[in-house]
Amino acid sequence: MFNKQITLILMFIALVCISFQPVSASGNLKQTNVSVVSDLNQTVGKDVMSLVDTGRLDIGNKPVFDIIWSPDGSHMLIDMFVSAYPKGKPQLGGVDALYAANADGSGITRLAWAEMTSSNGGKTITPPVWSQSGDYFAYMELVEGSRYKIKSASLFVMSNDLNLIQKVELDSKMIGLETGLSNFKWSPKENKIALLVSGKIIIYDMDEKNDFKFSISGDNVEIDDMEWSPDGKKIVFSKSSHEIIILDIENEILNTIYSAEQVGMYGEKWSADSKKLLFYEIKTSEKVDDVSYDIYFMDEELERPIKIITFTTDSSRVIQWYPDNEKILVKKCSENSCALYSLSITGEMKKLIEKDKDIDGRVAPNGCISAVSLNPNSTTPPYTRTYDLFLLNGSDILTIENVPYYTLEGTDVLFATDNKISVLNTSTNDIWELSLPVKNINKSILDPSKNFIAADNIIFGINELGTHKQPIMGNHTNSTAPEVVTIKKDLDEHSKANTTEETSGLPGFPAIIALIGVLIAFVCIHMKK
């Protein structure tokens, strides 16, 4: 009897061992192949370092990369900077360089480079900007004097096959200290570019090979906040911080819609239907720090603008129009907290989310709100800066905590954790993940076609994304994720590597032992009989 009990126990243990064997991938799961296609550190990284004259300059840090994909993802521009300064005299400055390449990092061409390593001035290159079609891109070369004063500014417009289309001398007085990108803007609909040139707005039509000039009256005029309407038919700008003016391009009319002592505009100006416009007026009094911001909107069907709200701090601001063209996402802050609100054009406000720390947000084209706040643990050792993401869709809130890097692209939220990159679709809450051989990812950029992803200067090819439903615990909902990918290829080798880990369909060693145990148990029982 005792031996029989032992035999049954052995059979039970064997069956448990078998039950815990990994299940091989079913036919419904598509494999994901990822390839290391280019290591930019070994190409443009080495090239920009070679531009530093180490005979007279010290190098301050590793090169900083910024990849700008073309709208269709077929090309990339690589904006690079390496800190450099006179030997033994650390100071701001360094070497800029701009490169063009295919989406996989091949066919690299250096377009321009500049040096700014002296306190007396030098040259810099601004980040490039693609036209909406991807047929053209533009960048500026700035000549700076002491104290970063802009002495001259040249705009270069190039085709995507790297032919120089236009070179224009811009008005250096209208360029800010940081980037000067307000000096030119591409149309969101056509291959047209608007430029600020000494008292004029000039619009170049790249396809028709012509231009239109609009003179701005007045002496020493400063033009700021220039922005195309989404339909590409109008341009709004502020003149000398006193007037809000709309340029009707088709009818060649300048229309001043508001004037005051001090006016301005936030980054988001036009509604998606191009019919409504946001701006603000700053009011002050004799009291110290008594400043208010009256927020106005102008509708093309109205005779004059309407005030919808007043902010009493500069940390409160308008963020973005909703896709319905009737509501606005705004941020309001007090001494102890910050909150995001939905603000209607009639002045009705609805609180969406509030945090102790500063919070920012964005409205996706599908109406989903993506909010981000600094993780509280970022202020404690080891002082690693991370963020908490909040996705608001109606009354539902999806929380993703402790994210070191994130970016918002259309309806997708891309974020990195350790060596994993995740892309969450805010319309479906589906998610797919890629595990990459890069620990502590600092920056990742997905190309618009989703064929390539750049992670810390390494370009990876994404060949196929297989998905399956997977429950997510905590604040997450159901998501979609591909099979886990681990790349074992040496990053110094640029050849492709199949990186999908496949679970073998053959039984493992523990399963074989368990099966032998079952057979022995049956033999023992038979012998007892």
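Everything below is about the structure shown above.
Bear in mind that the values here come from a model prediction, so they are computed numbers and not experimental data. (Residues numbered from 1 in each chain as written. Predicted model: local features only at pLDDT ≥ 70, side-chain atom pairs only at ≥ 80, totals over all residues. Heavy atoms only, no water.)

1. Things to note about the overall build of the protein
So, step 1. Of the regular secondary structure elements, the protein holds 3 helices and 40 strands.
So, step 2. Out of the 529 residues belonging to the protein, those deemed buried represent 46%.
So, step 3. Restricting to contacts in the protein with at least 6 residues of sequence separation, those with at least 24 account for 43%.
So, step 4. Summed over its atoms, the accessible surface of the protein is roughly 27300 Å², and 50% of this surface lies on carbon and sulfur atoms. (Helix = DSSP H or I, 4+ residues; strand = E, 2+ residues; numbered from the N terminus. Buried < 20%, exposed > 50% of the residue type's maximum accessible area, 1.4 Å probe, protein only. Contact = heavy atoms within 4.5 Å. Areas by Shrake-Rupley, 256 points an atom, 1.4 Å probe, with all protein chains shown as cover.)

2. With respect to the sheet that holds strand 17 (residues 234–239)
Adjacent strands of a sheet pair through backbone hydrogen bonds, lying either parallel or antiparallel.
So, step 1. Read across the open sheet, the 4 strands follow the order 16-17-18-19; overall the sheet is antiparallel. Among the strands making up the open sheet, the edge pair consists of strand 16 (223–228) and strand 19 (253–259). Mean inter-strand twist for the sheet, computed between neighbouring axes without regard to direction, equals 20°.
So, step 2. In this sheet, strand 18 (residues 243–248) lies alongside strand 17 in antiparallel orientation, the contact comprising 6 bridges. (Pairing = 2+ DSSP bridges. Axes fitted to C-alpha atoms, helices over the stretch in contact; angles between N-to-C directions.)

3. Concerning the environment of Pro305
So, step 1. Tracing the backbone through its elements, the reader meets Pro305 in the loop between strand 22 (291–299) and strand 23 (306–311).
So, step 2. For the pair Pro305 and Phe279, spaced 26 residues apart in the sequence, the C-alpha separation amounts to 9.4 Å.
So, step 3. In contact with Pro305, not counting residues within four places along its chain, are Ile257, Tyr258, Phe279, Tyr296, Phe297 and Met298.

4. Quick look at the sheet that holds strand 13 (residues 192–197)
So, step 1. Taken together, 4 strands build an open sheet; the order of strands is 12-13-14-15 and the sheet is antiparallel. Edge positions in the sheet fall to strand 12 (184–186) and strand 15 (210–215), since each of these pairs with one other strand and no more. Mean inter-strand twist for the sheet, computed between neighbouring axes without regard to direction, equals 15°.
So, step 2. Bridge count between strand 13 and strand 14 (residues 200–205): 6 bridges; the pairing is antiparallel. Bridge assignment links Leu196 to a residue of strand 14, and that residue is Ile201.

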